[in-house]
Amino acid sequence: MMANYGTPSRTFVSGKGCVIKDDYGNSYLDFLAGIATNVLGHAHPAIVKSVSTQVATLGHVSNFFAHPQGLLLASRLQAMTGDSNSRVFFCNSGAEANEAALKISRRTGRSKIVAAQGSFHGRTMGALSITGQPAKREPFTPLLKGITHVPFGDLAAMRRAVTKRTAMVIVEPIMGEAGVITPEDGYLAGLRLICDQTGALLVFDCVQTGIGRTGQWFGFEHEKVKPDIVTLAKGLGGGLPIGATIAYGSAAQLLLPGDHGTTFGGSPISCAAGNAVLDVILKNKLMQSARSHEKKIKTKISALPGVKEVRGRGLLLGIELESPIAKSVAAALLDSGVIVNAANESTIRIAPPLIVTALQIEKFISLFTKVLKEVHHG
Ligand SMILES: *Cc1c(COP(=O)(O)O)cnc(C)c1O
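Conventions used here
- Residues numbered from 1 in each chain as written.
- Predicted model: local features only at pLDDT ≥ 70, side-chain atom pairs only at ≥ 80, totals over all residues.
- Heavy atoms only, no water.
- Helix = DSSP H or I, 4+ residues; strand = E, 2+ residues; numbered from the N terminus.
- Expected span 1.5 Å × (residues − 1).
- Buried < 20%, exposed > 50% of the residue type's maximum accessible area, 1.4 Å probe, protein only.
- Arc of directions from axis to C-beta.
- Contact = heavy atoms within 4.5 Å.
- Pairing = 2+ DSSP bridges.
- Axes fitted to C-alpha atoms, helices over the stretch in contact; angles between N-to-C directions.
- 1 Å grid on protein atoms, 1.4 Å probe; cavity = no way out; pocket = protein on both sides within 12 Å on 5 of 7 lines; lining within 4 Å.
- Points joined across faces, edges and corners; volume = space filled by probe spheres on them.
- Nonpolar A, V, L, I, M, F, W, Y, C, P; charged D, E, K, R; others polar.

Draft legend 1. View of helix α10 (residues 286-302). Taking 1.5 Å of rise per residue, the 17 residues of α10 would be expected to cover 24 Å, and the 23 Å separating its terminal C-alpha atoms lies within 8% of that figure. Turning to α10, its buried residues number three or more, namely Leu286, Met287, Ser289, Ala290, His293, Glu294, Ile297 and Ile301. Looking down the long axis of α10, one finds its buried residues gathered within 150° of arc, a one-sided arrangement. Exposed and oriented more than 90 degrees from the buried face of α10 are Lys295 and Thr299. Buried residues in α10 make contact with α9 (268-283), β11 (307-313), β12 (316-321), β15 (347-350) and α12 (358-376).

Pasting the structure below:
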């Protein structure tokens, strides 16, 4: 394989629930879940059943034709928006979901875009152009023109940057890759106001914060704002590749026949996985449990010496440490059998499967406590 990912430190061969095994037979508590993706953990019976039944029935038909799993999943996503005029475009990944948002925004006749500094929207050239991280962008210039990045959470800066020539404003409701950066309440509603005043489309990139991860379907719902576009991927397929771009109201009419497409997008198999994910989240009340696990983790972990704060919502949490030792802590946790991610020098990100049990949360807290103490005392 190419060198773009660096050399992986482990090879994983199997998993069940929140536990995965490497090729030496060691077990790990998976508190990263394929980067906020495996919402039902590993080998969940509902996904296994839905996907294997679907692949044995109808695997792929292309987007020339409809299929029941796709229609069902689209109608369920539409229902989540609370807008009967919303429409869904299926693709395969988060970057692709944002590419579709970019193309929809071009159909307004405007081309300027405002995004947030530090944001992450994907690695394809369009998605990279709106990503607010210079280190990821600079090797690949020239990128799309007309894009401005303003500080996240700063409504005054946003107001100065957005004009009547702005096609879209895109933000993550919580910046995941940047280290689980949570804006103050009112920020998302403030963005809505700015977009209403200028006619720019408001796009919420919920690729990481969608599908129950934050204790609600979409990561912005605690603010009761209605965006023009929502993008999804990660959790939607519970580990299978699927993304979605959902446009609301008149924005849902902007793409015309022939404007956009993708061969594999919304395949029957990925949609079958998506439908199983939604079934289990509802049936097992996983959004409620995400919120109660959040409270427990925040209370316990933020009281530890060496921890500055615990940010985020539901089961997307950033543990900010007092010193820049996040990479060593993540490595030591891995050696102790816990998978997390160092989102930056001082932040540990956790995004366990939503099916995580109270006992596994306890186990995580105790291992984290032990490892943090050890790394601290070198
Ligand atoms: C992961 C992520 C993406 C990119 O998704 P891919 O499936 O890797 O293309 C885009 N936006 C956000 C907020 C993400 O977390």
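We are not done yet, so read on.
Draft legend 2. Here's a closer look at the sheet that holds strand β6 (residues 147-150). Ordered by their spatial adjacency, seven strands build an open sheet running β4-β10-β9-β8-β7-β5-β6, and the pairing between neighbours is mixed. Whereas interior strands pair on both sides, the edge strands pair on one side only; in this sheet they are β4 (87-91) and β6. Taking each pair of neighbouring strands and ignoring which way they run, the sheet shows an average axis angle of 20°. The pairing of strand β9 (residues 229-232) with strand β10 (residues 243-247) spans four bridges and is classified as antiparallel. Note that in β10 the partner of Ile229 across the bridge is Ala247. Across the face of the sheet, helix α3 (residues 68-81) comes into contact with β4, β9 and β10 while running at roughly 130° to β4. Along the sheet, helix α4 (residues 94-106) contacts β4, β5 (112-116), β7 (166-171), β8 (201-205), β9 and β10; its crossing angle with β9, the most-contacted strand, is approximately 160°.

Draft legend 3. Region of the structure containing the environment of Thr37. Within the fold, Thr37 resides in the loop between α1 (33-36) and α2 (45-55). Sequence separation between Thr37 and Leu354 is 317 residues, and the spatial gap between their C-alpha atoms is 9.9 Å. Other than its neighbours up to four places away in sequence, Thr37 contacts Lys234, Gly235, Gly238 and Gly239.

Draft legend 4. Summary view of the layout of surface pockets. Taken as a whole, the second largest pocket encloses approximately 720 Å³ of empty space. Contributing to the lining of the second largest pocket are 33 residues, with Asn63, Val88, Phe89, Phe90 and Gly265 lying nearest its centre. Residue assignment for the lining of the second largest pocket shows that the elements contributing at least two residues are α3, β4 and β10. A per-element tally of the lining of the second largest pocket places β4 first, with four residues. Across the lining of the second largest pocket, the residue classes break down as 17 nonpolar, 14 polar and two charged.

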